[in-house]
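# Inside the fold
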Amino acid sequence: MKRVVIVLNTSWNIYNFRLNLMKSLRDKGFKVIALAPKDDYSEKLKDEGFEWVDLPLENDGTNPIKELLQIIRFYKIYKQINPDIVLHYTIKPNIYGTLAAKCLNIPVINNVSGLGTIFLNESLSAKVAKLLYRVSFRFADAVFFQNEDDQRVFIDNKLVKSNQSQVIPGSGIDSSRFAPLEVQKDDSTQTVFLMIARLIKEKGIVEYIEAIKMLKVQYPKVRFQLIGSLYLENPSAISEALLQRWIGERLIEYICFSDNMEEVIAGVDCVVLPSYREGLSRVLLEAASMAKPIVTTNVAGCKDVVDDGINGFLCNVKDANSLAKQMEKMILMSEEDRKRMGEKGREIIIFFFILLSGQFLCC
């Protein structure tokens, strides 16, 4: 039985975003092994019948000695597992895992699901990361991107060869799970907005808060929800104190992450994501699949999901005024018009993945 190893920076990430892929590979006769740091979802992966192997990983470490030790750690684990192929996701598995696998002649497929903060600045760490990409990706058998803009950035920066890379739009979603659900609404509420993202500035959280401040003056009954985890290791992270201040000022209703996100999304009128850049936003795909209209930025990975004026509205990046104006359009729409806009989004998503399935069946 051929062995496939799927590697990410958290077990939570594997469970929430790659579980269906793992099940599909298993159904096709592969032995699938999850490799990720231990967290609350490691046991859930084992409960699903998969082997899970611990990968101690410092996701934000920069000490060169410790980083070298991480490559050695990948090497030892791969040598022990002896997989037939490895699928890497996220930065450090993509870079360090590829170098380790090359030393053992193990085929590698890398997945770039977004460029991350390193491509939004020209810091020293960004330059080092690009250099490491350039070195390690030479040894990858294939590199998949989620949109053409990201692929072009890598090709133009000579981080990957064009004949080595391919665009696979998104990582897929379960459209039967993320399907429209009827929820009884409180008649006293005008509109409910929801933003789901890690609490870092690049996700547009500051612009979301500034837009809320503008809108609350004229629309006091509109509700603004936020689901997001603190990511304090990131230099652009929102602090817990700032988050608590927003909650205390009643700007947002803060909701913890749930394994049943479809139930949360079902209860809102519109999903908002003012991100500076995405691979192909899974949040937006899930929202569209549930027939929820969207307000998002006109950038790679966000604009690919929204046809402006058809299933949502696009705003300018890093522009709270533009975001507020597009959210106001959603407030002023009738419930029937919002519903029709959401239904159009669901149609686009279903058609999109039918086309994508056909593309791979023909390959």
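Computed from a prediction, not measured in an experiment: that's the story for all the values here. (Residues numbered from 1 in each chain as written. Predicted model: local features only at pLDDT ≥ 70, side-chain atom pairs only at ≥ 80, totals over all residues. Heavy atoms only, no water.)

### Here we look at the packing of aromatic side chains
For the structure shown, the criterion picks out eight aromatic pairs. Note on F137 and F154: the rings are 5.9 Å apart at their centroids and 25° apart in plane angle, and the pair reads as stacked. In this pair, F137 is assigned in the loop between α6 (124-136) and β6 (142-145) and F154 in helix α7 (residues 148-156), connecting sequence segments 17 residues apart. As far as the burial class goes, F137 and F154 line up, both buried. (Phe/Tyr/Trp six-rings, centres within 6.5 Å; stacked < 30°, edge-to-face > 60°. Helix = DSSP H or I, 4+ residues; strand = E, 2+ residues; numbered from the N terminus. Buried < 20%, exposed > 50% of the residue type's maximum accessible area, 1.4 Å probe, protein only.)

### Structural notes on the state of the cysteines
Taken as a whole, this structure holds zero disulfides when the rule is applied. Free cysteine C302: the closest other cysteine sulfur is in C315, separated by 8.8 Å. For C302, a relative accessible area of 0% corresponds to the buried category. (Disulfide = S-S within 2.5 Å.)

### Describing the environment of V283
Secondary-structure assignment places V283 in helix α11 (residues 282-289). For the pair V283 and I265, spaced 18 residues apart in the sequence, the C-alpha separation amounts to 9.8 Å. The residues contacting V283, other than those within four sequence positions of it, are I196 and V271. (Contact = heavy atoms within 4.5 Å.)

### Observations regarding the confidence of the model for the protein
On average, the protein scores 88 in pLDDT, and the residues at 70 or more come to 90%. The low-confidence segment residues 357-363, where pLDDT is below 50, has three contacts with residues more than four positions distant or belonging to other chains. (pLDDT = per-residue confidence, 0-100.)

### A short note on the sheet that holds strand β7 (residues 165-167)
Neighbouring strands of a sheet are bound in pairs by backbone hydrogen bonds; such pairs are parallel or else antiparallel. An order of β3-β2-β1-β4-β5-β6-β7 is seen for the seven strands of this open sheet, with the pairing classed as parallel. In the strand order of this sheet, the two ends are held by β3 (51-54) and β7, each with one partner. Taken pair by pair, the neighbouring strands of this sheet meet at an average axis angle of 20°, ignoring direction. Bridge analysis of strand β1 (residues 3-7) against strand β4 (residues 85-89) gives four bridges, and the strand direction is parallel. Across the sheet, residue I6 finds its bridge partner in β4, namely L87. Docked against the sheet, helix α5 (residues 91-103) engages β1, β4 and β5 (108-112), running at close to 155° with respect to β4. Against the sheet, α7 engages β5, β6 and β7, with an angle of about 160° to β7. (Pairing = 2+ DSSP bridges. Axes fitted to C-alpha atoms, helices over the stretch in contact; angles between N-to-C directions.)

### Regarding the pattern of salt bridges
On inspection of all chains with the given rule, the structure shows 14 salt bridges. For D150, the salt bridge goes to R277, with nearest N and O atoms at 2.8 Å. With D150 in helix α7 and R277 in the loop between β11 (270-273) and α11, this residue pair connects regions lying 127 residues apart in the sequence. Overall, R277 belongs to the partly exposed group, its relative accessible area being 27%. Linking R338 and D269 is a salt bridge whose minimum nitrogen-to-oxygen distance equals 4.0 Å. Placement of R338 in helix α13 (residues 335-362) and of D269 in the loop between α10 (261-266) and β11 is noted, with a sequence separation of 69 residues between them. Relative accessible area serves as the criterion here: at 9%, D269 is assigned to the buried category. (Salt bridge = Lys/Arg side-chain N within 4 Å of Asp/Glu carboxyl O.)

### So, the side chain of T191
In this fold, T191 is placed in the loop between β7 and β8 (192-196). Ignoring sequence-local partners within four residues, the contact set of T191 consists of V222, R223, D269, I331 and R338.

### Comments concerning the nonpolar core
One finds F193, I205, Y208, I252 and M327 to be the most contacted residues of the largest nonpolar core, which totals 58 residues. Counting residues in each nonpolar core, the second largest holds 29 residues, with V7, I33, L57 and F154 among its members. (Core = buried A, V, L, I, M, F, W, Y, C linked by side-chain atoms within 4.5 Å.)

### Re the pairing of β11
Side-chain alternation along β11 places C270 and V272 on one buried face and V271 and L273 on a second face that is also buried. In the sheet, β11 pairs with strand β12 (residues 294-297) via three bridges, with the strands oriented parallel. The residue bridging V271 from the neighbouring strand is I294, located in β12. Crossover connection from β11 via α11 to parallel β12: handedness right-handed. (Right-handed = clockwise from strand over helix to strand, strands pointing away.)

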